[in-house]
Amino acid sequence: MGALTLAAAPAAAQQGSATDARLRAQRDTLEQIRSERAALERRMQELRSSAHDLSEEVANLNSRADATARIVRTLDHQLETITVDVAEATRDLVRTQDELVAQRAVLRRRL
């Protein structure tokens with residue numbers, strides 16, 4: 001049973017690094033979208049302080065709404081990734097605890 005635990009460890013480490021990479025990529029995307037949204041908000045402030053065409057303001061609002069929707073989607077993806085990782089870690093923990101109980105029983109029989 002110890003070999004099973006040792007064999008599962010490298011796979012879990014690889015899966016963890018893949019998840020970390022996905023989360024980093026999602027964070028990068030999120031930061032890009034936030035920067036875009038901040039620029040749109042600055043432009044809206046400029047529009048509000050000057051004479052302008054309302055269609056430009058509407059276009060800005062639409063772009064901000066799109067950026068906000070992309071932020072929400074990215075955060076949803078991050079949450080899904082984290083939820084899957086937690087479920088897998090919980091499953092692995094339960095399996096390891098079961099193996100530990102079995103190994104302790106074997107050890108007690110030997111003693």
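A. Examining the overall build of the protein more closely. Helices and strands together make up the secondary structure of the protein, namely two helices and zero strands. In the protein, the share of contacts with a sequence separation of at least 24, taken over all contacts with a separation of at least 6, comes to 74%. Counting only carbon and sulfur atoms, one obtains 60% of the accessible surface of the protein, whose full area is about 8,100 Å².

B. Spatial organisation of the confidence of the model for the protein. A residue-level look at the protein finds 86% of positions with pLDDT of 70 or above and a mean pLDDT of 86. Here residues 3-8 scores under 50 on pLDDT; set against residues more than four positions off or in separate chains, the count is three contacts.

C. Representation of the side chain of threonine 74 within the structure. One can find threonine 74 in helix 2 (residues 54-110). Here threonine 74 falls in the buried class, since its relative accessible area comes to 9%.

D. Local environment of the pattern of salt bridges. As enumerated under the stated definition, the model contains seven salt bridges in all. A salt bridge links arginine 43 to glutamate 46; the nearest nitrogen and oxygen atoms lie 3.0 Å apart. Linking arginine 43 with glutamate 46, this pair stays in helix 1 (residues 2-48), spanning three residues, or about one helical turn. Taking relative accessible area as the criterion, arginine 43 reaches 32% and is therefore assigned partly exposed.

E. How the structure looks around helix 2. Taking 1.5 Å per residue, 57 residues should reach 84 Å; helix 2 reaches 83 Å between its end C-alpha atoms and fits that length. Here helix 2 has its buried residues at Glu57, Asn60, Arg64, Ala67, Ile71, Thr74, Gln78, Thr81, Glu88 and Glu99.

F. Focus on the side chain of glutamine 78. Here glutamine 78 shows up in helix 2. The exposure class of glutamine 78 is buried, given its relative accessible area of 12%. Other than its neighbours up to four places away in sequence, glutamine 78 contacts Leu23, Gln26, Arg27 and Leu30.

G. Geometry of the environment of threonine 96. As for its position among the elements, threonine 96 is in helix 2. Reaching out from threonine 96, the side chain makes a polar contact with the backbone oxygen of aspartate 92 at a distance of 2.8 Å.

H. Region of interest: the environment of threonine 68. Along the chain, threonine 68 turns up in helix 2. For the pair threonine 68 and isoleucine 33, spaced 35 residues apart in sequence, the C-alpha to C-alpha distance is 8.1 Å.

Rules and cut-offs
- Residues numbered from 1 in each chain as written.
- Predicted model: local features only at pLDDT ≥ 70, side-chain atom pairs only at ≥ 80, totals over all residues.
- Heavy atoms only, no water.
- Helix = DSSP H or I, 4+ residues; strand = E, 2+ residues; numbered from the N terminus.
- Contact = heavy atoms within 4.5 Å.
- Areas by Shrake-Rupley, 256 points an atom, 1.4 Å probe, with all protein chains shown as cover.
- pLDDT = per-residue confidence, 0-100.
- Buried < 20%, exposed > 50% of the residue type's maximum accessible area, 1.4 Å probe, protein only.
- Salt bridge = Lys/Arg side-chain N within 4 Å of Asp/Glu carboxyl O.
- Expected span 1.5 Å × (residues − 1).
- Polar contact = N/O pair within 3.5 Å; in protein donor to acceptor, adjacent residues only side chain to side chain.

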